[in-house]
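Below, each chain spelled out in residue letters.
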Amino acid sequence: MKTNAISSGQLVTLLFLSRIFNIFTYTPHSQTSVPGSVVLLAIPLAGIIMVALFFPAWHLIQKSKMGILEAAQTVHPFFGNLCAGIIGMVCLLMGAYTVSHFEFFMISTIYPQAESWIFVLLFLPVVAYAAYLGIEAVARMSVTVFIVVLGIILLVLVGLLPEINLVYVQSPFIGGWKMIVIGCIRQITNNMEILLFLLLVPTIRGNGKKAYIIWIILGAAMYEILSFFTLTSLGEYSATRLFPFYTAASVAKLSIFGRLDLLHIAVWVFVAFIRTTLYVYGAYLSFRILFPKVKKGWGIFLCAFLMTGVSMLNSLDMRYLSVYSRVLFNGVPFILVILLIPILTLLLGRKKWREKA
Amino acid sequence: MKLFHFIKSKFDAGLSAYEPPQEDPALSKKMGSDLMERVITIRQMFSDSGDLLIREVTISGVKCAVCMCEGMVNTNVFSKMFAQPLTNLTLEQATPQKLLEWVRSQSLLAPDQKEFYTYGEFFRFIMSGFVVILIEQLDMGIAMGIQGFAGRGVDEPATEVNVRGSREGFIEMLRPNMALLRRRIKSPHLIFELFPIGTKSKTDVMLVYMDDVVSPELLREIRYRLSKVKIDVVLETGYLQPFLDSKPVSLFSGVGTTERPDTLCAKIAEGRVGVMLDGTPFALVVPYLFTENFQSFDDYSHRPYFATFIRWLKYTAFLFSVLLPGLYVAIASFHPELFPSSLLFSLVISEENTPFPLMLEAFIIFFIFEMMREAGLRLPRPVGHAVGIVGALVIGDAAVTAGIIGAPMVMVVALTAISSFVVPSLYEPVTFLRFAFILIGGIFGIFGITLGLCAVFVNLCAINPLGVPTTTPATPFSSYAMRDVLFRWGWRTLQKEDLRVQDLKGSNLHMRGGEKDEN
Amino acid sequence: MKKILLSLLTVMMLTGCMGNVYLNDRGIVQAVGIDYADGEYSLTMELFNVEESSADQGASGAKSKIIKSQGKSITEAIQKTALSEGKIMFFGNCKVIVLGEETAREGVSKALDYFNSTHETPPTILVLTARGKAEDILSTKEEEPIVPGKEILDMVEAAQKSGFSPQSRLMDIIGDIQEPNISGTLCLIEAQEEKEKPVLSLAGLAVFREDRMISTLPLEQCRGLQWIKGKIKATEIYIKEDRIGQITAVTSQTSSKKNANISGDHPEMVIKIKVKSTAVEVVLNSGSPLSKEDQKYVTKLQEQLIRSEVLELIQATQRKGLDVLGLAQHVKKSSPEFYLGHQNDWKNIVENANYQVEVTCEMDRMGVGNKLL
């Protein structure tokens, strides 16, 4: 009676929640940031480009009628193992980054006296447990979390309405097209969730292409709305704060509710939890290709263990995290796993799949 | 007769999918045709137990033995419907075979009449209150159902009290329970499937379902799981619950319980299966969805707006009972900036005067509360009221005045306690989670509580009792089934489409009701 | 079972790692005053007095005490207080930060940086400037069981509703400091002697260039600024005319729109203010209700009054080259090239800018009286 299928709607909610982790943890003055007004234009442009970038991978899935890992395996076992290793490594690094950034937020804003390693040590076992229960359980959970997150975001935005001042929306072209291009690139290279989509799409019931487009639109819309509200309610003040959206939630007041940053903390834990679980699961799917005899429990435990190690290293010093994020989001991992691997697999495996068909 | 064969064929069909556990080889031995030998064997096997009654009689010149258990038979019915006709019977040229034919087809000594061939069945029948006739030269026995053992009458269920609706609840005996269900669903599709369970106790267990609605896959799986029960003595449906529950291990169960026949009828009409056990009024319902914990029979008698309000009250009460103490401890310990000033001042004043940190205070007070509750349950009723008064005095006034706990904590306890009784079916997991969240909140703050919630929630989402996700219809989302979750739509809407558990999104049951099961 | 026990033990051993502070180990600060002199900060804090409040059982409200400390930085001064009081100072419920005049002139960034960095202090905490020393403001009620922090907060909130105080929050002043050409404003407060008792009152606006206070504006000019910002909830407009009489209206709705264009070599700011009001006090010279023409005339008088307040504020700030209206932001939005070309000389630009003020008033409600029918 067991099945691993999730619906396309569940996939959209999973990836949407994973995607909005970035806006919740957005830090101005980091290497990845551009002015707020530029972001408002860069987001929709990046969305259009991401739809276009998806086509090689989607074409691969359509032609081979299997997932990216399985398709690479059919080309040649060595090639398949190499691709699985690279994808698994990227998933591990992304998961470790998520945990490190989450821990960084916690010790910066909520628990200034706490030890940083404790968040990593507590978080990852629970994430590993969730990944072990399977993608279906996490997908079901994500639907409810999605509704809760939307409700909380709506509350915060309604609380911010009296603070809105449109004077802060400046022309995005002040810094020239260069800033807009940089903003677009940052938006795209930060969106590693496309990799998760490619890994999970074989498990879905429903239209994968439609799900992808809905996810991109939904993610871009949420990014746009949150960026707009943060920019117009905080203005120049947001440049002095490490986590502007958290600051906006502290500013938002709704009569009896008082400060809404408690809700923001809860939302962020849920969102970080789902994102990290997806990356652990993605890493497991990849390493399963390399080590098919390892049992599911041990496989997930090992992935989580490796992720814990990398996160602990990052948590030793804030500068390590900064360097780590620059390397991870410089575009090379993105091009490698989203474009290069699917295109190569498509080119090398086309003949085989045609003959099979 | 036809009805008898029909029931027998159903009984046999049920048994064919059921793997009987290993039993004592002597019990499965077939009876011989010598009457005296049979009687001696029975006495030996029963070790001459004081409740075994065997009367050797001659009926129309044919030697017979009438066997029963003391106190299990309705003596009035026995004498009028059984003893008198047999005693007055005069068959011409009576032979054992003729007597058997007369009992089979020309008499109505009892409504329930069964034939058997082994000693095991003999003991099962007389211990179930049947009267057994053994006829000489025939290697079989006839059991007559004239049960009359002492039992509780049909009364209002103790654990599921309703404002509106019937006041009838199940009792310990299976047969009257069957009648309670049959009266409510007058359909030939309502099936009762009986078989014994428990290697020694041979307790009657009954599956109740509607064969035009239930998925045969579900039935098959339930029978298979019950066949795995190797317990010696099965006394309560709680013994069977773990065998019907699915992985992963969870605080929440995918198997529900009910004491009400109307509730069970409503559940089986949606394609679920009821499991009832002789000796307990609590029936199991499989599969059981999480949202059903917040539904009660009263919801469907009240107007929709009020039923919806009560539904939301229950959801809020559940969240309060699980999270309120933990959140209170977490916010006071780690995030006091979230409290309004006046509340914070009261808290600080109360904390100044108490010796224990908040987390320990919460543990102490809730532990005392659980002790009071347990004491109140076990004590006889007249004394139980006094426990309530003592509890209020001890926990409420004296503890605060003595400076052991703060006044705000008493308020939190009171609100939590009342909230936990609003959803009684979830009392066990709620109590455990409450303590867990107090511990987590006191040590890790809001982060810990939220992480704990994630773990509990994902565990709940992973439960698939017998192929149906327990979190459906909320997730996976089934719009037509949601009409009875967040809001209780009116009956004009509810009647438009029948709910079937196998049709819910995420269900792994592919066979529909009424389909033939080839497996 | 073993796994559960092991997990429980592990969790219990982590109790010391999160750095929580018990409630009774926290000193709850309700107001803080910061003075600066001779390279040192003097902090005056209003602390919730647990011992007196618990002895009183809360019968006469929360009781406070005033404590003082010094240090080379804000953090050092706070740490010293922790040592003397034996409690860790908690600013999560702090209602107001009062900056002494000297501190404001020296630079508010250094004084406010601690509060902007800690997660306890909300960004919406009230920040005021004191005329004189902040210590005098917070110590006015030292002998009485009244909470000065709460009193100041209530006073400023009431003034904000009626337009006599701007939004004077931590996030406002810090945000204004980030934009070099904008002049931030904070509410000005002073302690006056009245019948030999010190009384707190609002004294106007403190105006900043970058993070230093360079000027003050009187209380009357505060309302001019709030008309422009459209942030007035309910303020009175008093009209006295010899022929008609006296009419006092209370505003029910205020909005404003600002646009900046470049006209020649100078920016021109167009300010459109719309005000709806309710006539509450109508003392007419004639016995009969006011005619439609006279009502229009009264609204015209209202417009003139509001316009004069706005122009007075504009002239007072323009003379000193202070951009309190946010001209820099509006020009940056509408003509970014002009702004980028003149941002280093913005003081001159402000002094030579043109302002057009259009006010539209409507007295659309009259309460339960019938004198305007």
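Predicted, not measured: the structure shown is a model, and the values here were computed from it.

## What about the UniProt feature "transmembrane region" (unreviewed entry) in chain B?
Residue and element names in this part refer to chain B.
Step number 1: The residues that UniProt annotates with the feature "transmembrane region" (unreviewed entry) are residues 312–334, 354–372, 379–396 and 435–458.
Step number 2: As annotated, residues 312–334 has a helix share of 100% and a strand share of 0%, and its two end C-alpha atoms lie 30 Å apart.
Step number 3: Between the first and last C-alpha atoms of residues 435–458 the distance is 19 Å; the span itself is 100% helix and 0% strand.

## Observations concerning the interface of chain A and chain C
Step number 1: Every contact between the two is made by 31 residues of chain A and, on the other side, 25 residues of chain C.
Step number 2: Regarding the contact of chain A and chain C, the summed buried area is about 2,400 Å², with carbon and sulfur atoms giving 60% of it.
Step number 3: Counting the contacts that link chain A with chain C gives one salt bridge.
Step number 4: One salt bridge in this structure joins Glu 163 of chain A and Arg 169 of chain C, with 2.8 Å as the shortest N-O distance.
Step number 5: Run the count over chain A and chain C and you get eight residue pairs in polar contact (both at pLDDT 80 or more).
Step number 6: Only helix H6 (77–110), helix H7 (116–133), helix H11 (208–234) and helix H12 (244–251) of chain A provide two or more residues apiece to the side of chain A that touches chain C.
Step number 7: Here the element with the most residues in the side of chain A that touches chain C is H7 of chain A; it accounts for four residues.
Step number 8: Split by residue class, the side of chain A that touches chain C holds 17 nonpolar, eight polar and six charged.

## Topic: the pattern of salt bridges
Residues and elements named next belong to chain B.
Step number 1: Overall, the coordinates contain 39 salt bridges over all chains when judged by the stated rule.
Step number 2: Where Glu 101 meets Arg 104, a salt bridge forms, and the shortest distance between an N and an O atom there is 3.3 Å. With Glu 101 and Arg 104 both in helix H4 (residues 96–106), this residue pair falls three residues apart, about one helical turn.
Step number 3: Through salt bridges with shared partners, one network takes in Glu 370, Arg 373, Glu 374, Arg 378 and Arg 434.

## Let's talk about the domain arrangement of chain B
Residues and elements named next belong to chain B.
Step number 1: For chain B, the assigned domains read domain 1 (25–145), domain 2 (174–300) and domain 3 (304–462).
Step number 2: Listed as interface residues are four residues of domain 1 and, on the opposing side, four residues of domain 2.
Step number 3: Between domain 1 and domain 2 the total buried area reaches about 270 Å² when both faces are included, carbon and sulfur atoms providing 50% of it.
Step number 4: Of all residues in domain 1, Arg 124, Ser 128 and Phe 130 bury the most surface against domain 2, accounting for 80% of the area lost on that side.
Step number 5: The tally of links from domain 1 across to domain 2 stands at one salt bridge.

Cut-offs used in this document
- Residue numbers restart at each chain and count upward from 1, following the sequence in its written direction.
- Throughout, the order in which chains and ligands are written sets their labels, letters from A for the former and numbers from 1 for the latter.
- For a predicted model such as this one, the threshold for reporting local features is a pLDDT of at least 70, and the threshold for listing and counting side-chain atom pairs is 80 or more; totals across whole chains, interfaces and linings nevertheless cover every residue.
- Excluding hydrogens and water, the side-chain values take into account all heavy atoms of the structure.
- UniProt positions are given in the numbering used here, feature names are shortened, and annotations may be inferred rather than shown by experiment.
- Every helix listed is a DSSP run of H or I at least four residues long, and every strand listed is a run of E at least two residues long, numbered separately from the N terminus.
- Residues are treated as being in contact if the distance between any of their heavy atoms lies within 4.5 Å.
- Values labelled buried area give the accessible surface lost by two parts on being combined, using a 1.4 Å probe and summing over both.
- A pair is scored as a salt bridge if a Lys or Arg side-chain nitrogen falls within 4 Å of a carboxyl oxygen belonging to Asp or Glu.
- Polar contact is the term for a pair of N or O atoms within 3.5 Å; when the atoms are in protein, one must be able to donate a hydrogen and the other to accept it, and sequence-neighboring residues count only if both atoms are side-chain atoms.
- Three residue categories are used. Nonpolar comprises Ala, Val, Leu, Ile, Met, Phe, Trp, Tyr, Cys and Pro, charged comprises Asp, Glu, Lys and Arg, and polar comprises the others, including Gly.
- Source of the domain bounds: an automatic or database domain assignment.

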